[in-house]
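Notes for the structure review
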Amino acid sequence: PDLVHLHTSHGYDFWLGIRMARAARALGIPALLHVHGTFDVIVPTWSRAKQQCFVRSLRVPDRVIVLSEGWKRWFEKRVAVPGFIGPAAVGGGGH
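From a predicted model like this one, the values you see are computed outputs, not experimental measurements.

Reading the values: rules and limits
Each chain carries its own residue numbering, running from 1 in the written order of its sequence. Local features in this predicted model are restricted to residues whose pLDDT is 70 or higher, and side-chain atom pairs enter the listing and the counts only when it is 80 or higher, whereas totals over whole chains, interfaces and linings include all residues. Note that water and hydrogens are dropped before the side-chain values are worked out from all heavy atoms of the structure. Every helix listed is a DSSP run of H or I at least four residues long, and every strand listed is a run of E at least two residues long, numbered separately from the N terminus. Under this definition, polar contacts are N or O atom pairs within 3.5 Å; protein pairs additionally need one hydrogen-donor-capable and one acceptor-capable atom, and for neighbouring residues in sequence, both atoms have to be side-chain atoms. Only protein atoms enter the 1 Å grid used here, on which a cavity is any set of points holding a 1.4 Å probe that cannot leave and a pocket is any open set flanked by protein within 12 Å on both sides along at least five of seven lines; residues with an atom within 4 Å of a point are listed as lining. Grid points are joined across faces, edges and corners, and a volume is the space filled by probe spheres set on the points. In this classification, the charged set is Asp, Glu, Lys and Arg, the nonpolar set is Ala, Val, Leu, Ile, Met, Phe, Trp, Tyr, Cys and Pro, and all remaining amino acids, among them Gly, are polar. Only buried Ala, Val, Leu, Ile, Met, Phe, Trp, Tyr and Cys residues count toward a nonpolar core, and they belong to the same one when joined by side-chain atoms within 4.5 Å. Each residue's exposure class comes from its accessible area (1.4 Å probe, protein chains only) as a fraction of the maximum for that residue type: buried when under 20%, exposed when over 50%, partly exposed otherwise. Contacts are residue-level and defined by heavy atoms, with any inter-residue pair within 4.5 Å sufficient. Summary of the metric used: pLDDT quantifies the predictor's per-residue confidence within the range 0 to 100.

**Focus on the side chain of Ser68**
Within the secondary structure, Ser68 is located in the loop between strand E3 (63-65) and helix H4 (69-78). Of the polar contacts made by the side chain of Ser68, one reaches the backbone nitrogen of Trp71; its length is 3.1 Å.

**Examining the environment of Trp15**
Note that Trp15 resides in helix H1 (residues 12-26). Each C-alpha atom, one on Trp15 and one on Ser57, is 8.3 Å from the other, the two residues being 42 residues apart in sequence.

**A look at empty space enclosed by the protein**
Inspection of every chain in the model, using the stated rule, returns one cavity of 30 Å³ or more. Here the largest cavity is characterised by a volume of approximately 40 Å³. In terms of lining, the largest cavity is formed by Val35, His36, Gly37, Phe39, Val66, Leu67, Trp71 and Phe75. Partitioned by chemical class, the residues of the lining of the largest cavity number six nonpolar, two polar and no charged.

**Re the nonpolar core**
For soluble globular proteins, nonpolar side chains are generally found buried alongside one another. Phe14, Val35, Phe39, Phe54, Leu58 and Phe75 are the most contacted members of the largest nonpolar core, which totals 22 residues. Elements supplying a minimum of two residues to this core: strand E1 (4-8), H1, strand E2 (31-35), helix H3 (48-57) and H4. Considering every element that reaches this core, the biggest residue donor is H1, with four residues. For Val35, the contacting residues outside a window of four places in its chain are Thr8, Val64, Ile65, Val66, Leu67 and Phe75.

**Here's the deal with the side chain of Thr8**
When you line up the elements, Thr8 lands in strand E1. According to the relative accessible area criterion, Thr8 is buried, its value standing at 2%. With sequence-adjacent residues up to four places away left out, Thr8 is seen in contact with Asp13, Phe14, Leu33, His34, Val35 and His36.

**Quick notes on the confidence of the model for the protein**
Across the protein, pLDDT averages 85, with 84% of residues at or above 70. Mean pLDDT in the protein bottoms out at strand E4 (residues 84-85), which sits at 70, and peaks at H1, which reaches 95. Low confidence marks residues 90-95, where pLDDT is under 50. Its contacts with residues over four positions away, or in another chain, come to six contacts.

Okay, structure coming up:
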């Protein structure tokens, strides 16, 4: 494939998506991670080590697609790397 587009939520699904993004990158295939879920509620309950792993993991896919500009800001606040795509960039309303 020319591109891997992965959909994930905030649980086990997220970590599986990261593993698949890593596999795609190892094969030289760009990976988009499209996130859904209540990361803002779940991530603060994780241990500091798990939160650090989460932040590092968000650097694995080539781009991370989020559902709103608010989510884009939430993720960018935690990971100081470009690559988060909000709905305005993909033709959505950006609610």
